[in-house]
Amino acid sequence: MLLAALAVLPVLLALLGLGTWQAQRLAWKTDLLARLEAMEAGPPVPLDALAGPPEPYAKLAAVGRFLHGREALLGFAVRDGRMGAHLLTPLEREGGRRPALLVDRGWVPLAPDGAAPDPAAGIARPEGEVTVVGYARPGQAREWVSPADDPARRRFFVFDPGAIGAALGLPAVEPFGLVALAEGDAPARGPFPVPATALPRPTNPHLGYAITWYGLALALVLVFLAWARRLLKDPGPA
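This section reports on the structure supplied with the text. Keep in mind that what you see is a predicted model, and the values were worked out from it rather than measured. (Residues numbered from 1 in each chain as written. Predicted model: local features only at pLDDT ≥ 70, side-chain atom pairs only at ≥ 80, totals over all residues. Heavy atoms only, no water.)

### Overview of the packing of helix α1 (residues 2–41) against helix α3 (residues 206–233)
Working step 1: Running from N to C, α1 and α3 cross one another at 160°; their axes reach a closest spacing of 8 Å. One finds that α1 runs roughly antiparallel with respect to α3. Considering only the axes of α1 and α3, their crossing is left-handed.
Working step 2: Of the residues that constitute the contact of α1 with α3, the class distribution is 21 nonpolar, 4 polar and 2 charged. (Axes fitted to C-alpha atoms, helices over the stretch in contact; angles between N-to-C directions. Helix = DSSP H or I, 4+ residues; strand = E, 2+ residues; numbered from the N terminus. Parallel < 35°, antiparallel > 145°, perpendicular 65-115°, else oblique. Left-handed = near helix turned anticlockwise from the far one by under 90°. Nonpolar A, V, L, I, M, F, W, Y, C, P; charged D, E, K, R; others polar.)

### Observations regarding α1
Working step 1: Helix length check: α1, at 40 residues, gives a terminal C-alpha distance of 58 Å against a target of 58 Å (1.5 Å per residue), a fit within 8%.
Working step 2: For α1, the full list of buried residues reads Val8, Leu12, Leu15, Gly19, Gln22, Lys29, Leu32, Leu33, Leu36 and Met39.
Working step 3: Among the structural elements, β2 (59–66) and α3 are those in contact with the buried residues of α1. (Expected span 1.5 Å × (residues − 1). Buried < 20%, exposed > 50% of the residue type's maximum accessible area, 1.4 Å probe, protein only. Contact = heavy atoms within 4.5 Å.)

### Thoughts on the pairing of strand β3 (residues 72–79)
Working step 1: Note that β3 and strand β4 (residues 82–92) share 6 bridges and pair antiparallel. Bridging from a neighbouring strand, leucine 73 pairs with leucine 87 of β4.
Working step 2: Sheet topology places β3 next to strand β7 (residues 155–156); 2 bridges connect them, and they run parallel. Residue pairing for β7: leucine 74 is matched across the bridge by phenylalanine 156. (Pairing = 2+ DSSP bridges.)

### Quick notes on the pattern of salt bridges
Working step 1: Per the counting criterion, the structure on display carries 12 salt bridges.
Working step 2: Across the pair arginine 65 and glutamate 92 runs a salt bridge, and its minimum N-O distance is 2.8 Å. In this pair, arginine 65 sits in strand β2 while glutamate 92 sits in strand β4, placing the two residues 27 residues apart along the sequence.
Working step 3: One salt-bridge network, in which partners are shared between bridges, spans Asp48, Arg93, Glu94, Arg98 and Glu174. (Salt bridge = Lys/Arg side-chain N within 4 Å of Asp/Glu carboxyl O.)

### Brief notes about a nonpolar patch on the surface
Working step 1: Residues Leu9, Leu13, Leu16 and Tyr214 make up a contiguous nonpolar surface patch of roughly 350 Å² in combined accessible area.
Working step 2: When residues in the nonpolar patch are grouped by element, the largest group, 3 residues, is from α1.
Working step 3: Mapped onto the secondary structure, leucine 16 falls in helix α1. (Patch = residues over 30% accessible without salt bridge, like charges linked within 9 Å, V, L, I, M, F, W, Y side chains within 5 Å. Areas by Shrake-Rupley, 256 points an atom, 1.4 Å probe, with all protein chains shown as cover.)

### Notes on the packing of aromatic side chains
Working step 1: Enumeration according to the criterion identifies 3 aromatic pairs in this entry.
Working step 2: Ring centres 5.8 Å apart and planes at 40° place the aromatic pair phenylalanine 224 and tryptophan 227 in the tilted group. Of the two residues, phenylalanine 224 and tryptophan 227 both sit in helix α3, 3 residues apart, roughly one turn of that helix.
Working step 3: Between arginine 105 and the ring centre of phenylalanine 66, over which it is positioned, the NZ or CZ distance is 5.0 Å. (Phe/Tyr/Trp six-rings, centres within 6.5 Å; stacked < 30°, edge-to-face > 60°. Lys NZ or Arg CZ within 6 Å of the ring centre and 35° of its normal.)

### Things to note about the side chain of arginine 105
Working step 1: Residue position: arginine 105 is located in strand β5 (residues 100–109).
Working step 2: For arginine 105, a relative accessible area of 0% gives the class buried.
Working step 3: Among the polar contacts listed, one links the side chain of arginine 105 to the backbone oxygen of alanine 124, at a separation of 2.9 Å. (Polar contact = N/O pair within 3.5 Å; in protein donor to acceptor, adjacent residues only side chain to side chain.)

Given below as structure tokens:
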């Protein structure tokens with residue numbers, strides 16, 4: 001029985017450790033979702049008032065002028081049977097005295113060649129100074145499974161502000177982007193782009209995971225106790 005207990009103990013400790021880790025993740029994710037909800041309900045923070053980079057998904061307001069001549073496409077997404085991508089447009093701030101900000105203005109349908117927005121889609125391109133409200137998007141690191149970008153055609157699949165800014169001929173860009181929200185994009189004619197309507201919400205399955213691991217630990221203890229009880233009642237032949 002001692003050998004059996006020594007064999008069960010590491011498994012029990014591992015199950016309890018996994019359950020505790022998921023409980024800690026649950027507390028962290030619950031706090032994150034609460035902060036995202038509070039940011040979404042509150043007013044945006046002026047980007048120029050920040051002393052440093054914003055935290056990921058912070059709700060911001062940026063003022064500047066869109067450089068439509070240097071817009072690009074990011075990713076690939078199908079909506080209502082139409083191929084599309086996200087329209088990235090640099091926002092020039094303070095006449096170029098601050099680094100440009102790459103703004104994801106939303107989804108647009110693609111032209112048949114897939115390299116540019118559909119010219120017949122009625123894409124809004126507001127002129128003059130605009131105020132864009134959205135959330136901060138951190139840059140991405142390229143992975144080995146990431147599709148190859150096509151800088152010559154301004155077609156990108158990884159949000160790397162430095163690489164995209166260089167391809168667009170921008171002297172300096174912020175190391176993060178801004179995903180425009182529907183309420184903040186400047187009004188103009190045209191149904192496109194289709195901006196985001198809410199801050200992203202990560203899934204929170206950690207309660208179920210914690211219950212699963214703790215439940216397995218409890219089941220292991222009960223099975224071991226039942227086995228030990230039967231062994232003590234019927235030790236077998238001497």
